[in-house]
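# Examining the three-dimensional arrangement
Below, each chain spelled out in residue letters.
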Amino acid sequence: MPPRERRRGTALALLGVLAFSGSFPATVHAMRGFDPWLVATGRAAVAGALALICLVVARRPLLPSRRDLSAHVLIALGVVLGFPALSGLALDLGASTSHAAVVTGLLPAATAVYAVLRTGERPRPLFWAACTAGALAITAFTLTRQQSHASWPDLLLLGALLSAAVGYTEGGRLSRRAPGWQVISQTLVLSLPVSIPVTAVLALTTPVAPTPEAVAGFAYVSVISMFLAFVPWYAGLAMGGIARAGQTQLVQPLLVLVWAWFLMGERFDPVTVAAALAVLVCVAVTQRART
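Residues numbered from 1 in each chain as written. Predicted model: local features only at pLDDT ≥ 70, side-chain atom pairs only at ≥ 80, totals over all residues. Heavy atoms only, no water.

Moving on, we come to the overall build of the chain. Within the chain one finds 14 helices and 0 strands. Ordering the α and β elements of the chain from the N terminus gives α-α-α-α-α-α-α-α-α-α-α-α-α-α. Buried residues in the chain amount to 53% of all 291 residues. In the chain, the proportion of contacts linking residues at least 24 apart, taken out of those at least 6 apart, comes to 90%. When the accessible surface of the chain is split by element, carbon and sulfur atoms take 69% of a total near 13000 Å². (Helix = DSSP H or I, 4+ residues; strand = E, 2+ residues; numbered from the N terminus. Buried < 20%, exposed > 50% of the residue type's maximum accessible area, 1.4 Å probe, protein only. Contact = heavy atoms within 4.5 Å. Areas by Shrake-Rupley, 256 points an atom, 1.4 Å probe, with all protein chains shown as cover.)

Moving on, we get to empty space enclosed by the protein. Under the counting rule described, the total for this entry stands at 2 cavities of 30 Å³ or more. Counted as a void, the largest cavity has a volume near 260 Å³. Considering the residues around the largest cavity, the lining is formed by 22 residues, among which F20, F83, L107, Y168 and Q252 are closest to the centre. The set of elements that each furnish at least two residues to the lining of the largest cavity consists of helix 2 (23-31), helix 4 (69-92), helix 6 (107-119), helix 8 (152-174), helix 10 (212-228) and helix 13 (252-264). Class assignment for the residues of the lining of the largest cavity results in 14 nonpolar, 7 polar and 1 charged. (1 Å grid on protein atoms, 1.4 Å probe; cavity = no way out; pocket = protein on both sides within 12 Å on 5 of 7 lines; lining within 4 Å. Points joined across faces, edges and corners; volume = space filled by probe spheres on them. Nonpolar A, V, L, I, M, F, W, Y, C, P; charged D, E, K, R; others polar.)

Tallying each qualifying case throughout the model produces 8 aromatic pairs. Where F24 meets F83, the ring centres are 6.1 Å apart and the plane angle is 15°; that geometry is what we call stacked. Note that F24 is positioned in helix 2 and F83 in helix 4, a separation of 59 residues in sequence. By relative accessible area, which is 7% here, F24 ends up buried. In this structure an aromatic cluster arises from ring pairing among F20, Y168, F230, W233 and Y234. (Phe/Tyr/Trp six-rings, centres within 6.5 Å; stacked < 30°, edge-to-face > 60°.)

As a further point, take the pattern of salt bridges. This structure, assessed with the given rule, holds 3 salt bridges. The residue D68 makes a salt bridge to R177 at a minimum N-O spacing of 2.2 Å. Placement of the pair is D68 in the loop between helix 3 (36-58) and helix 4 and R177 in the loop between helix 8 and helix 9 (180-205), with a sequence separation of 109 residues. For R177, a relative accessible area of 42% puts it in the partly exposed group. One salt bridge in this structure joins E170 and R173, with 2.9 Å as the shortest N-O distance. One end of the pair, E170, and the other, R173, are both in helix 8, 3 residues apart, so they sit about a helical turn from each other. (Salt bridge = Lys/Arg side-chain N within 4 Å of Asp/Glu carboxyl O.)

With respect to the helices and strands, the residue H72 is situated in helix 4. Residue classification places H72 among the buried residues on the basis of a relative accessible area of 2%. Ignoring sequence-local partners within four residues, the contact set of H72 consists of P64, L174, V183, Q186, T187 and L190.

Right, let's talk about the environment of I75 for a bit. With respect to the helices and strands, the residue I75 is situated in helix 4. Given a relative accessible area of 0%, I75 falls into the buried group. It is 7.3 Å that separates the C-alpha atoms of I75 and Y168, two residues lying 93 residues apart in sequence. For I75, the contacting residues outside a window of four places in its chain are V80, G167, E170, G171, L174, V183, T187 and Y234.

Following both chains from N to C, one finds helix 2 and helix 13 inclined at 40°, their axes separated by 8 Å at the closest point. Residue-level inspection shows F24, P25, V28 and H29 of helix 2 in contact with helix 13, the latter providing V256, W259, A260, L263 and M264. Of the residues that constitute the contact of helix 2 with helix 13, the class distribution is 8 nonpolar, 1 polar and no charged. (Axes fitted to C-alpha atoms, helices over the stretch in contact; angles between N-to-C directions.)

Burial runs high along helix 11 (residues 230-240): 10 of the 11 residues are buried. Along helix 11, the residues classified as buried are F230, P232, W233, Y234, A235, G236, L237, A238, M239 and G240.

One non-glycine residue with positive phi stands out, namely R59, at about 55°. Here R59 lies in the loop between helix 3 and helix 4.

Attention shifts here to the packing of helix 8 against helix 11. Two quantities define a packed helix pair, namely the angle between the helix axes and the distance between the axes. Packing of helix 8 against helix 11 leaves a shortest axis separation of 8 Å and a crossing angle of 65°. With respect to each other, helix 8 and helix 11 are oriented roughly perpendicular. Crossing handedness for the pair helix 8 and helix 11: right-handed. Taken together, the residues of helix 11 that come into contact with helix 8 (itself represented by G167, Y168, G171 and G172) are F230, W233, Y234, L237 and A238. Grouping the constituent residues of the contact of helix 8 with helix 11 by class yields 6 nonpolar, 3 polar and no charged. (Parallel < 35°, antiparallel > 145°, perpendicular 65-115°, else oblique. Left-handed = near helix turned anticlockwise from the far one by under 90°.)

Nothing here speaks to function; it is all geometry.
Set out below in structure tokens:
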């Protein structure tokens, strides 16, 4: 890509990160009125309906080609079902928004590692050293929070970031051949046979308290986090390169901390801020070492 296109890709990726950064606070608000599982599957169902409309209006295929089917399944398992469910459960079990932001701060490094394994690249030893340092920083942070061992929320957050790494990488690869909005739209439509019936059952069998706050949070994670944010994000990864444009994820943990403070009144100690900054530095080194 020419430099101008790479810069445009980075800008688009940054726009996607800005949209993603509100996901944790919005999820917490949504779960104050809806079951965590209902939030996770319901957001996929609502986004899938929007994606279906967009594909029909644009006269694009509703489902991916057989060639790309396996990649779309991985995206669905990673970011349509996996990340929302695992991160939502972690928040429901007591993880604060700021805590989740720090733990998932390793997402750029996890995405880079998966991309390396997927594409067969051979990064320098500095790359692996920085990844290890970031993992150790997160481990130390979780241990200081739990005193002796990582809790279920931490394990769920780890699974969430690994799921997202797979979904981000596969989506970035496919967006080199098709528009980013089409990639996420076809994945969401592919997920509808699961998301719609499960959402319907959960809506009938779990407590529902649709307060304005809960509805607003659910609307955000459904329309923005699950659909619109992926449009500039996947386009940015394709135009700017997964390694280069992926560096925009570095600001996400700090943005989440800002939203947690501004929207939810959360207070976090210097250790949380220091951990977020340590992860930012480690991930920045991985990105530079890889490129």
